[in-house]
Amino acid sequence: MKKQIRIEDERIREIRHKIVNEAFAIMFFALWVIVMVKGLFLHLPTREYLTEFILVIGISLYIYVRMIVTGIFGSDLQSASRGQKLKRILVIMLGMGVGVGISQAGEGEFNILRMAIVVITGGALTYLMLYIVKKINDRQIEELERKDKEEQ
Amino acid sequence: MTVKNKRMKIARVEKDLSQQQLADMVGVTRQTIGMIEMGNFNPSLNLCRAICKALGKTLDEIFWEED
């Protein structure tokens with residue numbers, strides 16, 4: 001029996017990825033639970049769970065930015081209506097509001113102005129990132145079309 | 001359990017190969033070959049081509065839709 005050139009078993013690779021993804025999801029969820037419990041229920045000051053908080057925000061931002069840049073998040077919005085885009089941005093702003101609210105609950109006081117600044121900044125940044133990614137994609141498409149025309 | 005990819009199984013049996021032997025030739029596990037034959041796993045184009053080469057058939061003959 002002649003042996004073929006070996007290829008990687010993609011089913012095994014998929015299962016491995018799935019296991020790592022699930023482990024990450026468990027860890028991420030656990031970090032969120034720690035932040036919620038320490039901030040909301042125990043009313044501990046932010047410095048008591050600062051590490052977990054930074055990890056949660058940092059990981060969320062990383063996922064968010066990478067998904068936008070690779071076109072996973074936001075690609076469906078390029079042809080979406082204004083209402084759908086607004087809904088997506090509002091969801092993100094709500095998430096940021098919840099995050100800030102939890103950290104402020106730990107401090108024992110709610111500063112509405114600080115929350116509003118963070119939420120509005122978050123919304124504006126989201127819109128700006130989606131706009132930039134759309135412009136980059138449009139320019140890449142124009143470049144490809146121009147090259148196609150030149151070749152013809 | 002019904003075999004969804006009958007043509008692949010028939011081609012394998014015609015060559016007198018077990019699932020393990022075909023798996024060894026292609027470079028995957030026996031379970032992967034079994035799951036492809038059952039229709040429980042969608043192989044990539046590379047894997048489809050490797051299977052076709054091992055069985056001496058074309059992609060159409062094994063993986064195209066049956067009418």
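1. A closer look at the side chain of Gln19(B)
All names here are of chain B.
- Locating Gln-19 in the fold gives a position in helix α2 (residues 19-26).
- The exposure class assigned to Gln-19 is buried, which follows from its relative accessible area of 18%.
- Within the local environment of Gln-19, its side chain forms a polar contact with the side chain of Arg-30, the two groups lying 2.9 Å apart.
- Filtering out sequence-adjacent residues up to four positions away, Gln-19 remains in contact with Arg-12, Arg-30, Ile-33, Gly-34 and Glu-37.

2. Side note on the packing of aromatic side chains
Residue and element names in this part refer to chain A.
- For the structure shown, the criterion picks out two aromatic pairs over all chains.
- For the pair Phe-24 and Phe-28, a centre-to-centre distance of 5.7 Å together with 10° between the ring planes defines the contact as stacked. Of this pair, Phe-24 and Phe-28 both sit in helix α1 (residues 10-41), four residues apart, which is roughly one turn of that helix.
- Residues Tyr-49 and Phe-53 carry aromatic rings whose centres are separated by 6.3 Å and whose planes lie at 85° to one another, so their mutual orientation is edge-to-face. Judged on exposure class, the residue Tyr-49 and its partner Phe-53 are both buried.

3. So, the nonpolar core
- In this structure, Met8(B), Leu22(B), Val26(B), Ile33(B), Leu47(B), Ile51(B) and Leu55(B) are the most contacted members of the largest nonpolar core, which totals 18 residues.
- For this core, the secondary structure elements donating two or more residues are α1 (6-14), α2, α3 (30-38) and α4 (45-55) of chain B.
- With six residues, the single largest contributor to this core is α4(B).
- One finds Tyr49(A), Phe53(A), Val56(A) and Ile59(A) within the second-largest nonpolar core, a separate group that totals seven residues.

4. As for the side chain of Thr32(B)
- When you line up the elements, Thr32(B) lands in helix α3.
- Taking the relative accessible area as the measure of exposure, Thr32(B) reaches 0% and is therefore buried.
- At a separation of 2.8 Å, a polar atom in the side chain of Thr32(B) contacts the side chain of Arg11(A).
- When residues no more than four places from it in sequence are discounted, the contact partners of Thr32(B) are Asp9(A), Arg11(A), Phe41(B) and Leu47(B).

5. Observations regarding the interface of chain B and chain A
- If you look at the interface, chain B gives 20 residues, while chain A gives twelve residues.
- Interface of chain B and chain A: buried area, both sides summed, is about 1,200 Å²; carbon and sulfur atoms make up 56% of it.
- The largest share of the area that chain B buries against chain A comes from Met25(B), Gly27(B) and Phe41(B), three residues that together contribute 37% of it.
- Counting across the interface, chain B meets chain A through zero salt bridges.
- Scanning the region where chain B abuts chain A turns up five residue pairs in polar contact (both at pLDDT 80 or more).
- By residue number, the principal contributor to the side of chain B that touches chain A is α4(B), which donates five residues.
- Looking at side-chain class alone, the side of chain B that touches chain A contains ten nonpolar, eight polar and two charged residues.

6. Thoughts on the confidence of the model for chain A
- The share of residues in chain A with pLDDT of 70 or more is 80%, and the mean pLDDT across the chain is 77.
- Across chain A, α1(A) holds the top mean pLDDT of 90, while helix α3 (residues 82-107) of chain A sits lowest at 70.

7. Quick look at α4(B)
- Every buried residue belonging to α4(B) is among Leu47(B), Cys48(B), Ala50(B), Ile51(B), Cys52(B), Ala54(B) and Leu55(B), and all of these are buried.
- Contacts from the buried residues of α4(B) go to α1 of chain A together with α1, α2, α3 and α5 (59-63) of chain B.

8. Topic: the UniProt feature "transmembrane region" (unreviewed entry) in chain A
Residue and element names in this part refer to chain A.
- If you check UniProt for "transmembrane region" (unreviewed entry), the listed places come out as residues 20-41, 53-74, 86-106 and 112-133 in our numbering.
- Helix and strand shares over residues 20-41 are 100% and 0% respectively, and the end C-alpha atoms of the span are 31 Å apart.
- Annotated as 100% helix and 0% strand, the span residues 112-133 places its first and last C-alpha atoms 32 Å apart.

About the cut-offs
Residues numbered from 1 in each chain as written. Chains lettered and ligands numbered in written order. Predicted model: local features only at pLDDT ≥ 70, side-chain atom pairs only at ≥ 80, totals over all residues. Heavy atoms only, no water. Helix = DSSP H or I, 4+ residues; strand = E, 2+ residues; numbered from the N terminus. Buried < 20%, exposed > 50% of the residue type's maximum accessible area, 1.4 Å probe, protein only. Polar contact = N/O pair within 3.5 Å; in protein donor to acceptor, adjacent residues only side chain to side chain. Contact = heavy atoms within 4.5 Å. Phe/Tyr/Trp six-rings, centres within 6.5 Å; stacked < 30°, edge-to-face > 60°. Core = buried A, V, L, I, M, F, W, Y, C linked by side-chain atoms within 4.5 Å. Buried area = accessible area lost by both parts, 1.4 Å probe. Salt bridge = Lys/Arg side-chain N within 4 Å of Asp/Glu carboxyl O. Nonpolar A, V, L, I, M, F, W, Y, C, P; charged D, E, K, R; others polar. pLDDT = per-residue confidence, 0-100. UniProt positions renumbered as here; feature names shortened; annotations may be inferred.

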